[in-house]
Amino acid sequence: PVRPPVLCPGCPHSGVYFALHKLKAVVTGDIGCYTLGALPPFSAIDTTFCMGAGIGNAFGMEKVHRETMQKKLVAVIGDSTFLHSGIAPLIDIVFNNGVTTIVLMDNSTTGMTGHQQHPGMGKTIRDEKTYAIDYEQLIRAIGVRHVRVVDPYDLVGTEAALKDAMALNEPAVVISRRACVLLEEERAKEHTPYEVIGDLCEECDLCLKIGCPAIDGSLPVPEISKERCIGCDLCAKLCHFGAIVPVNGGAR
């Protein structure tokens, strides 16, 4: 069926893009399912070229527009792409005294092309146990001193971490860490869907800003699909009126 390309319900990248859009950042993107952050309602990615280019593009823009753009520039890159081709440009930023902010979107898999294993997952492509790259140690070894890990479901904490990183006069990496909702172990978890209480809804449509395809915003009072909602509660956190609550008080 025809539908707009959107992130999945409960996608951990949604919280990051909501914050970046709110902060009016200039965002250089990369290749992955998170490239969908370029589309409404986030409209949070300004460039996309090839794997690893997000970091290099941000640094190049910083060098050219250092006086006007350096506090706004943020590069986003997935965990798999970072290990494939994002480490070298991050070294370049440190070596050349850059101040670019990087968001490493760690969803514990290769999300776009089929959940293949990568060196950060602790399993080989044959599903054998192996060493998992420690991103924090790796990034600090490169020379980045400001490294913070956030849960993208924590909208307030994520925004605060990004804002702090963007204000620095040195390279900064914010690691957004939460597993892809389509991983088997995530799908197997118990999830309580949410619903909109019509009598409490003020029809402000703020819940639609999180871009969740489980929410139907075509009606005056948005409706949440109980079949598609995974209970991430991002929309509930945005509602100022307490109109979005767990179905049956949280009971399944």
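Everything below is about the structure shown above.
A. The environment of Ile 197, seen in detail. Relative to the helices and strands, Ile 197 resides in the loop between strand S6 (194-196) and strand S7 (215-216). Using a relative accessible area of 29% as the deciding quantity, one classes Ile 197 as partly exposed. In this structure, the C-alpha to C-alpha distance between Ile 197 and Phe 241, residues 44 residues apart in sequence, is 9.9 Å. The contacts of Ile 197, once residues within four sequence positions are left out, are Ala 243 and Val 245.

B. Up close: the packing of helix H1 (residues 13-22) against helix H6 (residues 155-166). Interaxial distance between H1 and H6 falls to 9 Å at its minimum, and their mutual angle equals 50°. By the angle between their directions, the pair H1 and H6 is classed as oblique. Considering the relative orientation of H1 and H6, their crossing is right-handed. For the pair formed by H1 and H6, the contact residues are Gly 15, Val 16, Phe 18, Ala 19, Leu 20 and Lys 22 on the first element and Leu 155, Thr 158, Glu 159 and Leu 162 on the second. Across the contact of H1 with H6, the residue classes tally to 6 nonpolar, 2 polar and 2 charged.

C. Representation of the packing of aromatic side chains in the model. Using the criterion set out here, one finds 2 aromatic pairs in the structure. Ring centres 5.9 Å apart and planes at 45° place the aromatic pair Tyr 17 and Phe 42 in the tilted group. With Tyr 17 in helix H1 and Phe 42 in the loop between strand S1 (26-28) and helix H2 (53-64), this residue pair connects regions lying 25 residues apart in the sequence. Judged on exposure class, the residue Tyr 17 and its partner Phe 42 are both buried. Taking the centre distance of 6.4 Å and the plane angle of 65° together, the rings of Phe 82 and Tyr 135 count as edge-to-face. Of this pair, Phe 82 sits in helix H4 (residues 79-95) while Tyr 135 sits in helix H5 (residues 135-142); the two residues are 53 residues apart in sequence, bridging distant segments of the chain. Of the residues examined, Tyr 135 reaches a relative accessible area of 2% and is grouped as buried.

D. Focus on the environment of Gly 211. Summarising the element assignment, Gly 211 is placed in the loop between S6 and S7. Spatially, the C-alpha atom of Gly 211 lies 7.5 Å from that of Leu 7, the residues being 204 residues apart in sequence. Leaving out residues up to four positions away in the same chain, Gly 211 has contacts with Pro 41 and Phe 42.

E. Layout of H5. Three or more residues of H5 are buried, namely Tyr 135, Glu 136, Ile 139 and Ile 142. One side of H5 carries all its buried residues, which in axial view fall inside an arc of 125°. Those residues of H5 that are exposed and aimed more than 90 degrees away from the buried face are Gln 137 and Ala 141. Against H4, strand S3 (101-106), strand S4 (146-150) and strand S5 (172-177) lie the buried residues of H5. Two to three positions downstream of the cap, the backbone nitrogen of Glu 136 sits 3.1 Å from a side-chain oxygen, assigning the N-cap of H5 to Asp 134. Just beyond H5, the residue with positive phi is Gly 143, at close to 125°.

About the criteria used
- Residues numbered from 1 in each chain as written.
- Predicted model: local features only at pLDDT ≥ 70, side-chain atom pairs only at ≥ 80, totals over all residues.
- Heavy atoms only, no water.
- Helix = DSSP H or I, 4+ residues; strand = E, 2+ residues; numbered from the N terminus.
- Buried < 20%, exposed > 50% of the residue type's maximum accessible area, 1.4 Å probe, protein only.
- Contact = heavy atoms within 4.5 Å.
- Axes fitted to C-alpha atoms, helices over the stretch in contact; angles between N-to-C directions.
- Parallel < 35°, antiparallel > 145°, perpendicular 65-115°, else oblique.
- Left-handed = near helix turned anticlockwise from the far one by under 90°.
- Nonpolar A, V, L, I, M, F, W, Y, C, P; charged D, E, K, R; others polar.
- Phe/Tyr/Trp six-rings, centres within 6.5 Å; stacked < 30°, edge-to-face > 60°.
- Arc of directions from axis to C-beta.
- Polar contact = N/O pair within 3.5 Å; in protein donor to acceptor, adjacent residues only side chain to side chain.

Function-wise, these values are silent; they only describe arrangement.
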